[in-house]
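Topology and contacts: notes
Residues per chain are reported as follows:
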Amino acid sequence: YQRRVRGIQFANQKSTPHDHPSPARKAIDGNKNGHAAAGYCANPEVWWKAHFRHSQISKVVIYPRTDACCASKINGAKVSMQSGSNRILYCGTVRYVKGKTKYEINCGGKLADTVLIEHPHPKEFMLCEVELYGNYAVDGRWTKFTPWSTCSKKCGGGTQKRTRTCTNPKPAHGGRRCHGSSYERQSCNKHKCPINGGWNRFSSWSRCTATCGGGTQLRNRRCNRPTPRYGGKPCAGNSCESRKCNTHKCPQCGSAPITKIGYHHGVLEE
C-alpha cells in the first residue's frame, strides 16, 4: 500500500532549495519567480526536484497542462532518483500521448533520495503539477522479551535465555533497524548438586566367636565412597554382614579311667 507523501506542486511558486521533513511541504523547482497571471514565466530551468528526508518514493505522477508557466511540451522529461552520494537511478522518460492527462513513472527509490525531473529543452519545459507516491520510513522497535527459558542444568550452574524480535513494528521502507541484541543470557541453578552416598569395600571377616560348635564372624563397610553431601541420599543396605563359623562339633570326653588330679604344696600331682 502506497501513500501520497505530498500534494501538488505548482511551478509558479517562488521557492528556494532546502531539505524537507516528511511529509514534504514544498518542492524545489527551477522555475523561479513565475507569474502565471502575467501570462509568462521568468527564468525557466531544466530541472525540478524534491527531497524527502524520511520517505521512500516509489512512483512519480506528472500532470501536463497548457496554462501559463506550465508544461506545453512534456515529451522527453526524464525522471530519476538521486542519492546523497550523487548516485543517479534512472526511472523513466515521459513520452507524450495526445489527450493523456497524467504520466506515471515507477521508481524504486531508497530512503531520503531526491526526486529529479529534467528536460533537454528548458524553454519548452514549465512543469506545473507533480504528485509523489511512496511510504514513510518505519523504524523498527523491539517486542517484549519472552519468558526465560528452562535452565540448561538442574544444579551446578547452568544458563537460560530470553529473546525478542524487531517486529513492533518491523523496519520498512528504509527505516532503521532495532538497536541492541535480540537475546539475553543469565546464570541459573548455581547451587551445588546433591551427591548420593556409595559403599566402600567390606573389611576382612573378624575372628570366629567359637572354636567349635558354631560361632559368628562379622565384617563392616563404610558409606564414604563418596560420602553423601548437599542433600544426597545415604547408602542403601546394611553396613555390616555376619556369618556362621566353626560349626563342627566339639570333641567329647572318652571312657578311659579317670585320673585324679590334685595340688600338693602348689604342685600339680596325679
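Predicted, not measured: the structure shown is a model, and the values here were computed from it.

One can find F52 in the loop between β3 (47–51) and β4 (55–63). Here F52 falls in the buried class, since its relative accessible area comes to 0%. For the pair F52 and T114, spaced 62 residues apart in sequence, the C-alpha to C-alpha distance is 6.7 Å.

Tallied over the entire structure, the rule returns five salt bridges. R176 serves as the salt-bridge partner of D139, at 2.8 Å between the closest nitrogen and oxygen. Note that D139 is positioned in the loop between β9 (129–136) and β10 (158–163) and R176 in the loop between β10 and β11 (183–188), a separation of 37 residues in sequence. Among the residues examined, D139 registers a relative accessible area of 32% and is labelled partly exposed. The exposed category is assigned to R176, whose relative accessible area is 59%. Residues R219 and E241 are paired through a salt bridge, measuring 2.8 Å at the closest nitrogen-oxygen approach. Remark: E241 occurs in strand β13 (residues 240–245) and R219 occurs in strand β12 (residues 215–220); sequence separation between them is 22 residues. A single network of salt bridges, built from pairs that share partners, joins K59, K102 and E104.

Moving on, we come to the environment of P251. Tracing the sequence through the fold places P251 in the loop between β13 and β14 (262–264). In sequence terms P251 and C212 are 39 residues apart; their C-alpha atoms lie 8.6 Å from each other.

Bringing the confidence of the model for the chain into the picture now. Per-residue confidence for the chain gives a mean pLDDT of 75, with 69% of residues at or over 70. Taken element by element, the chain is modelled with least confidence in strand β2 (residues 28–29), mean pLDDT 39, and with most confidence in β10, mean pLDDT 97. Segment residues 6–43 is flagged for pLDDT under 50; beyond a separation of four residues in sequence, or across chains, it makes 87 contacts in the model. The model gives residues 258–270 a pLDDT under 50, and that stretch makes 10 contacts with residues more than four places away or in other chains.

Per the counting criterion, the structure on display carries seven disulfides. Disulfide partner of C155: C193, at an S-S distance of 1.8 Å. Sign of the S-S torsion, about 105° for the bond between C155 and C193, identifies this disulfide as right-handed. Highlighted residues: C155 in the loop between β9 and β10 and C193 in the loop between β11 and β12, separated in sequence by 38 residues. Classification of C155 as buried rests on a relative accessible area of 17%. A disulfide bridge connects C208 with C245, and the sulfur atoms are separated by 1.8 Å. Looking along the S-S bond of the C208-C245 disulfide, the torsion reads about 90°, which is the right-handed sense. Linking C208 in the loop between β11 and β12 with C245 in strand β13, this pair joins segments that are 37 residues apart in sequence. We classify C245 as buried; its relative accessible area is 8%.

Calculation rules
Residues numbered from 1 in each chain as written. Predicted model: local features only at pLDDT ≥ 70, side-chain atom pairs only at ≥ 80, totals over all residues. Heavy atoms only, no water. Helix = DSSP H or I, 4+ residues; strand = E, 2+ residues; numbered from the N terminus. Buried < 20%, exposed > 50% of the residue type's maximum accessible area, 1.4 Å probe, protein only. Salt bridge = Lys/Arg side-chain N within 4 Å of Asp/Glu carboxyl O. pLDDT = per-residue confidence, 0-100. Contact = heavy atoms within 4.5 Å. Disulfide = S-S within 2.5 Å.

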